[in-house]
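Chain by chain, the residues:
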Amino acid sequence: GCGKSTTLRCIAGLQRLPGRLVVDGDVWQDDQRGIFLKPHKRAIGVVFQEPSLFPHLAVGKNLLYGARRAERLGVPTAIRTDDVIDLLGLGRLLDRDPIALSGGERQRVAVGRALLSQPRLLLMDEPLSSLDQMAKDEILPYLELLHEQLSIPMLYVSHDITEVARLADRMIILSSGKILAEGPVQDLLER
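Analysis parameters
- Residues numbered from 1 in each chain as written.
- Predicted model: local features only at pLDDT ≥ 70, side-chain atom pairs only at ≥ 80, totals over all residues.
- Heavy atoms only, no water.
- pLDDT = per-residue confidence, 0-100.
- Helix = DSSP H or I, 4+ residues; strand = E, 2+ residues; numbered from the N terminus.
- Salt bridge = Lys/Arg side-chain N within 4 Å of Asp/Glu carboxyl O.
- Buried < 20%, exposed > 50% of the residue type's maximum accessible area, 1.4 Å probe, protein only.
- Pairing = 2+ DSSP bridges.
- Phe/Tyr/Trp six-rings, centres within 6.5 Å; stacked < 30°, edge-to-face > 60°.
- Lys NZ or Arg CZ within 6 Å of the ring centre and 35° of its normal.
- Axes fitted to C-alpha atoms, helices over the stretch in contact; angles between N-to-C directions.
- Parallel < 35°, antiparallel > 145°, perpendicular 65-115°, else oblique.
- Left-handed = near helix turned anticlockwise from the far one by under 90°.
- Contact = heavy atoms within 4.5 Å.

Draft legend 1. Quick peek at the confidence of the model for the chain. Put simply, the chain has an average pLDDT of 89, and 100% of its residues get 70 or more. Taken element by element, the chain is modelled with least confidence in helix 5 (residues 133–149), mean pLDDT 83, and with most confidence in strand 3 (residues 35–36), mean pLDDT 96.

Draft legend 2. A look at the pattern of salt bridges. All told, the structure shown has 10 salt bridges when counted by the stated rule. Between Asp-82 and Arg-80 there is a salt bridge; the shortest N-O distance is 3.8 Å. Note on Asp-82: relative accessible area 48%, which makes it partly exposed. Between Glu-105 and Arg-96 there is a salt bridge, with its nearest N and O atoms 4.0 Å apart. Overlapping salt bridges bring together Arg-20, Asp-30 and Arg-33 as one network.

Draft legend 3. Region of the structure containing the pairing of strand 8 (residues 178–184). Alignment of strand 7 (residues 170–175) against strand 8, held across six bridges, turns out to be antiparallel. If you follow Leu-174 over to strand 8, its bridge partner there is Ile-179.

Draft legend 4. Just the sheet that holds strand 3, in detail. Across the sheet, three strands lie side by side as 1-2-3; this open sheet has antiparallel pairing. Among the strands making up the open sheet, the edge pair consists of strand 1 (20–23) and strand 3. Pairing between strand 1 and strand 2 (residues 26–30): four bridges, direction antiparallel. Along strand 2, the bridge assignment pairs Arg-20 with Asp-30.

Draft legend 5. Focus on the packing of aromatic side chains. Following the criterion strictly, the structure yields one aromatic pair and no others. Over the ring of Phe-36 we find Arg-42; its NZ or CZ atom is 4.9 Å from the centre of that ring.

Draft legend 6. Local environment of the packing of helix 4 (residues 103–116) against helix 5. Packing of helix 4 against helix 5 brings their axes to within 9 Å, and their N-to-C directions diverge by 20°. Comparing their axes, helix 5 and helix 4 come out roughly parallel. Crossing geometry of helix 4 relative to helix 5 is assigned as right-handed. Contacts between helix 4 and helix 5 involve Gly-104, Glu-105, Gln-107, Arg-108, Val-111 and Leu-115 on the former and, on the latter, Ala-135, Glu-138, Ile-139, Tyr-142, Leu-143 and Leu-146.

Draft legend 7. Layout of helix 1 (residues 4–12). Looking only at helix 1, the buried set comprises Lys-4, Leu-8, Cys-10, Ile-11 and Ala-12. Close packing links the buried residues of helix 1 with strand 1, strand 2, strand 4 (44–47), strand 5 (121–125), strand 6 (154–157) and strand 7. A positive backbone phi angle near 85° is found at Gly-13, which sits one or two residues after helix 1.

Draft legend 8. Local environment of the sheet that holds strand 4. The sheet built from three strands is open, its strands ordered 4-5-6 with parallel pairing. The open sheet has two edge strands with one neighbour each: strand 4 and strand 6. Pairs of neighbouring strands in the sheet enclose a mean axial angle of 10°, with direction left out of account. Taken together, the four bridges between strand 5 and strand 6 define a ladder with parallel strand orientation. When the sheet's bridge partners are listed, Met-124 is paired in strand 6 with Tyr-156. Most of the contacts of helix 1 go to strand 5, to which it runs at about 150°, and overall it touches strand 4, strand 5 and strand 6.

Written as structure tokens, this is what we have:
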């Protein structure tokens, strides 16, 4: 209730609040200049609490959906499908239906689909909150690899300080829609 998900929704263009948003020098929203880039034109990957996979598509086709979106937008391929499959350990799952996957496997597929959309920014809104501890323990190492191996900025929303400590470089603490603190994770954790 402090505005974390709303902030991500605004960055994604799914919700609009007054203001200005600039990503890597590109203006995505500027109310004073009448600029608002539509969500489908923003080079973002989004992973929500629930994976929202297409139930009628096998894992491989769910992954390719993200790649086809990037192709339509003419985004250069920086992240290859085979690399995402290897990075997220999805090789043995490609022909399976989403319904047959565990919660952690579904979330890894959702992350893979988001990555294959060739995002300039990855938004993750409490992606582990609906998982049990065993599934969280399964997926966290994959998220750490993303952080280590890809140079895509990620905004990761979570109530779980251990997740944040493992995955983040910088942290922003929100309360009632206001920033209470921000800075390097280690500095804030020491406070």
